[in-house]
Amino acid sequence: MGGEGTPWIGQSKYIEGNHIFANLGDGTYKHSGALAIRACVDAEVNITFKILYNDAVAMTGGQTLGNNLSTIQIAKQVLSEGVKKVVLLTENLKNYSQTSLPKGVELKHRDYLQNVQKELQTIKGVTILIYDQGCAAEKRRKRKRKKGRKRTREEGKRARRRT
């Protein structure tokens with residue numbers, strides 16, 4: 001955990017293709033993933049880190065991270081490390097209506113994921129895609145406990161189409 005993306009530093013010179021995607025959770029980003037991003041920037045490799053921002057450690061039962069960085073703080077931090085571009089995708093654009101985004105950060109609805117990925121893989125250097133969406137496993141747990149909101153009919157249809 002935390003080395004995501006770093007093997008590409010050595011492999012990129014010997015493998016056909018010049019770009020990969022590496023996935024990080026927000027918890028992994030916080031404790032060690034930021035170092036992997038920094039190493040890739042220093043090595044000048046072409047990679048997009050997809051940071052899933054869900055504010056829960058779903059693999060072990062949905063604990064909150066505690067004192068987690070916000071999506072904007074993560075964006076500012078990676079930009080200060082030298083990444084070329086940051087795109088923030090979310091299912092709820094209204095959450096960012098009063099937010100001033102840092103220069104170099106684009107905000108888009110999550111429906112544009114495929115287009116954004118195609119764009120980011122053409123950019124030389126390290127790029128970041130921050131995907132802001134609540135943890136699906138935690139949403140299911142809350143629904144079962146009747147604490148979370150139920151899906152709308154349209155959300156259910158959209159989820160079925162993706163599978």
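Residues numbered from 1 in each chain as written. Predicted model: local features only at pLDDT ≥ 70, side-chain atom pairs only at ≥ 80, totals over all residues. Heavy atoms only, no water.

Undergrad: For this particular structure, what's the right way to read the pattern of salt bridges?
TA: Pairing between side chains of opposite charge can happen when the charged atoms of each approach one another. Using the criterion set out here, one finds five salt bridges in the structure. R38 is the partner of E81 in a salt bridge, and the nearest nitrogen-oxygen pair spans 2.9 Å. With a gap of 43 residues between them, E81 in helix 3 (residues 71–81) and R38 in helix 2 (residues 26–43) connect regions that are remote in the sequence. The class for R38 is partly exposed, based on a relative accessible area of 37%. Its salt-bridge partner being E106, residue K85 comes within 2.4 Å of it at the nearest N-O pair. With K85 in strand 3 (residues 85–90) and E106 in strand 4 (residues 105–109), this pair connects stretches of sequence that are 21 residues apart. Three or more residues are tied together by salt bridges with common partners; here these are K85, E106, K108 and E119. (Salt bridge = Lys/Arg side-chain N within 4 Å of Asp/Glu carboxyl O. Helix = DSSP H or I, 4+ residues; strand = E, 2+ residues; numbered from the N terminus. Buried < 20%, exposed > 50% of the residue type's maximum accessible area, 1.4 Å probe, protein only.)

Undergrad: Would you take a moment to explain the nonpolar core for this structure?
TA: What tends to happen in soluble globular proteins is that the nonpolar side chains get buried as a cluster. Counting 25 residues, the largest nonpolar core has I37, F49, V126 and I128 as the members making the most contacts within it. The set of elements that each furnish at least two residues to this core consists of strand 1 (20–25), helix 2, strand 2 (47–53), helix 3, strand 3 and strand 5 (126–132). Top contributing element to this core by residue count: helix 2, with five residues. Ignoring any residue separated from it by four or fewer positions in sequence, one finds I37 in contact with L24, Y29, F49, I51, V78, V83, V126 and I128. Judged by nonpolar contacts, the second largest core, of six residues, contains L89, V116, L120 and L129. (Core = buried A, V, L, I, M, F, W, Y, C linked by side-chain atoms within 4.5 Å. Contact = heavy atoms within 4.5 Å.)

Undergrad: When you look at empty space enclosed by the protein in this model, what are you seeing that I'm missing?
TA: If a probe the size of a water molecule is rolled over the atoms, the empty space left behind becomes visible. For the structure shown, the criterion picks out one cavity of 30 Å³ or more. If you add up the space inside the largest cavity, you get close to 30 Å³. Around the largest cavity, the lining residues are Y29, A34, I37, R38, Q77, V78 and E81. Of all the secondary structure elements, the ones that give two or more residues to the lining of the largest cavity are helix 2 and helix 3. When residues in the lining of the largest cavity are grouped by element, the largest group, four residues, is from helix 2. Tallied by class, residues from the lining of the largest cavity come to four nonpolar, one polar and two charged. (1 Å grid on protein atoms, 1.4 Å probe; cavity = no way out; pocket = protein on both sides within 12 Å on 5 of 7 lines; lining within 4 Å. Points joined across faces, edges and corners; volume = space filled by probe spheres on them. Nonpolar A, V, L, I, M, F, W, Y, C, P; charged D, E, K, R; others polar.)

Undergrad: Explanation requested: helix 3 in the structure shown.
TA: In an α-helix, one full turn covers 3.6 residues, which means residues spaced three or four apart are oriented alike. For helix 3, the complete set of buried residues consists of T71, I72, I74, A75 and V78. Looking straight down helix 3, one finds its buried side chains confined to an arc of 160 degrees; they lie on one side. Taken together, the buried residues of helix 3 touch helix 2, strand 2, strand 3, strand 4 and strand 5. Downstream of helix 3 by one or two residues, G82 has phi in the positive range, about 110 degrees. (Arc of directions from axis to C-beta.)

Undergrad: Could you clarify how one ought to interpret the sheet that holds strand 5 in this entry?
TA: Strand pairing in a sheet is mediated by backbone hydrogen bonds. Such pairs are either parallel or antiparallel. Ordered by their spatial adjacency, five strands build an open sheet running 1-2-5-3-4, and the pairing between neighbours is parallel. Looking along the sheet, the strands with just one partner apiece sit at the ends: strand 1 and strand 4. In this sheet, neighbouring strand axes are inclined to one another by 20 degrees on average, regardless of whether the strands run parallel or antiparallel. As paired strands, strand 2 and strand 5 are joined by seven bridges and run parallel to one another. Bridging from a neighbouring strand, L52 pairs with Y131 of strand 5. (Pairing = 2+ DSSP bridges. Axes fitted to C-alpha atoms, helices over the stretch in contact; angles between N-to-C directions.)

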